Structure formats: structure tokens, C-alpha cells
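Chain by chain, the residues:
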Amino acid sequence: MTFRVMLRMEIEPGREADFEKAWLEGTEAVTGHPANLGQSLAREEGSDGTSSTYVIVSDWLDEPRFREFENSPAHLEHRATLHPYRKGGSFHVMRVLHGIEGRAAADAR
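All of the points below concern the structure found in this document.

Points about the sheet that holds strand S4 (residues 86–95)
Step number 1: Taken together, the four strands give an open sheet; going across it, the order is S2-S3-S1-S4, and neighbouring strands pair in antiparallel fashion. This sheet does not close on itself; its edge strands, each paired only once, are strand S2 (36–43) and S4. Going from strand to strand, the sheet's axes swing by 15 degrees on average, the running direction of each strand aside.
Step number 2: Direction of pairing for strand S1 (residues 3–11) relative to S4: antiparallel, over a ladder of nine bridges. Pairing of Leu 7 across the sheet is with Phe 91, part of S4.
Step number 3: Sheet strands touched by helix H3 (residues 63–70): S1, strand S3 (53–60) and S4. Its angle to S4, the strand with the most contacts, is close to 155 degrees.

A few points about helix H4 (residues 73–82)
Step number 1: For H4, every residue scored as buried is listed here: His 75, His 78 and Leu 82. Buried residues of H4 fall within an arc of 65 degrees about the axis and therefore sit on the same side. Set apart from the buried face of H4 by more than 90 degrees, the exposed residues are Pro 73 and Glu 77.
Step number 2: Buried residues along H4 sit in contact with S1, helix H1 (16–25), helix H2 (27–31), H3 and S4.

Focus: the pattern of salt bridges
Step number 1: The tally for this structure, following the rule as stated, stands at eleven salt bridges.
Step number 2: For Glu 10, the salt bridge identified is with Arg 8, shortest N-O distance 3.2 Å.
Step number 3: According to the relative accessible area criterion, Glu 10 is partly exposed, its value standing at 25%.
Step number 4: Judged by relative accessible area, which is 27%, Arg 8 ranks as partly exposed.
Step number 5: The salt bridge involving Lys 21 is made with Glu 25; its shortest N-O contact spans 3.7 Å. Placement of the pair is Lys 21 and Glu 25 together in helix H1, with a separation of four residues, close to one helical turn.
Step number 6: Ionic contacts of the salt-bridge type, sharing partners, join the residues Glu 63, Arg 67, Glu 70 and Arg 95 into one network.

Calculation criteria
Residue numbering note: each chain is counted from 1, following its sequence as written. Residue-level local features of this predicted model are given only where pLDDT is at least 70; pairs of side-chain atoms are given and counted only at 80 or more, and the full residue set underlies all totals for whole chains, interfaces and linings. Side-chain numbers here rest on the full set of heavy atoms in the structure, without hydrogens or water. Note: two strands are recorded as paired if DSSP finds a minimum of 2 bridges between them. In DSSP terms, a helix is any run of H or I states spanning at least four residues, a strand is any run of E spanning at least two, and both are numbered starting from the N terminus. Note on geometry: axes are C-alpha line fits, over the in-contact stretch for helices, and angles between N-to-C directions span 0 to 180 degrees. Throughout, a contact is declared for two residues whenever any of their heavy atoms are within 4.5 Å. For every residue, the accessible area obtained with a 1.4 Å probe (protein chains only) is divided by the maximum for its type, and the residue is called buried under 20%, exposed over 50%, and partly exposed between those limits. Arc definition: directions from the helix axis to the C-beta atoms. Any Lys or Arg side-chain nitrogen found within 4 Å of a carboxyl oxygen on Asp or Glu counts as a salt bridge.

In C-alpha cells, the structure reads:
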């Protein structure tokens, strides 16, 4: 059963491009861990088409191995590079109970 982590980050306005660059440069810290199944970065859409709020989702083989990663030097270093851009946010963990592939995914194969 996949263990999912969702981090919602509110970024200091005007620092979005720098944040995205720092996130991309540090992806190996997460995806390089043997228990990581992948991650994504999304930006919430504001009413004016822009936003300073991002959602990071990462999937893991299980919670114990995610917790191992969470306390690793690689993660702590990566987190420290993102912290200067953050003005607020929230952290959520969950287990994926069911995953249903959509038609477009099946058609893409």
C-alpha cells in the first residue's frame, strides 16, 4: 500500500521562480532514496491565474522507510535549501487505498 506525503507550501511572493529552481535542483535528494516511488510539484491557481502556493506530493513504499528518509542528512539539507522561500504551509500523510487509472493513461500506452 503506497504511503503518500503532501506538503503545501506558501512561498514569499516574487520568489516563485527561485523556489521552483531550488526544488528542481534538489529532487535527487528525494527520488534518489530507494523507497521513493516519485514526486511532483504543482502550483495552485489563483483567481488572477497566479499563486504563491505550491503542493508537493511524494509517494513511498511504506511509512517506516519514509520516516527513515525524513530524518536523513540528504532530506535535512534539501529542506534547508527550500526553507528561505517558505512563509507558511501544512504537511499531510496518508495511505493510498485505491488507484484507478483513467482512460487517457491507458490510451497513452
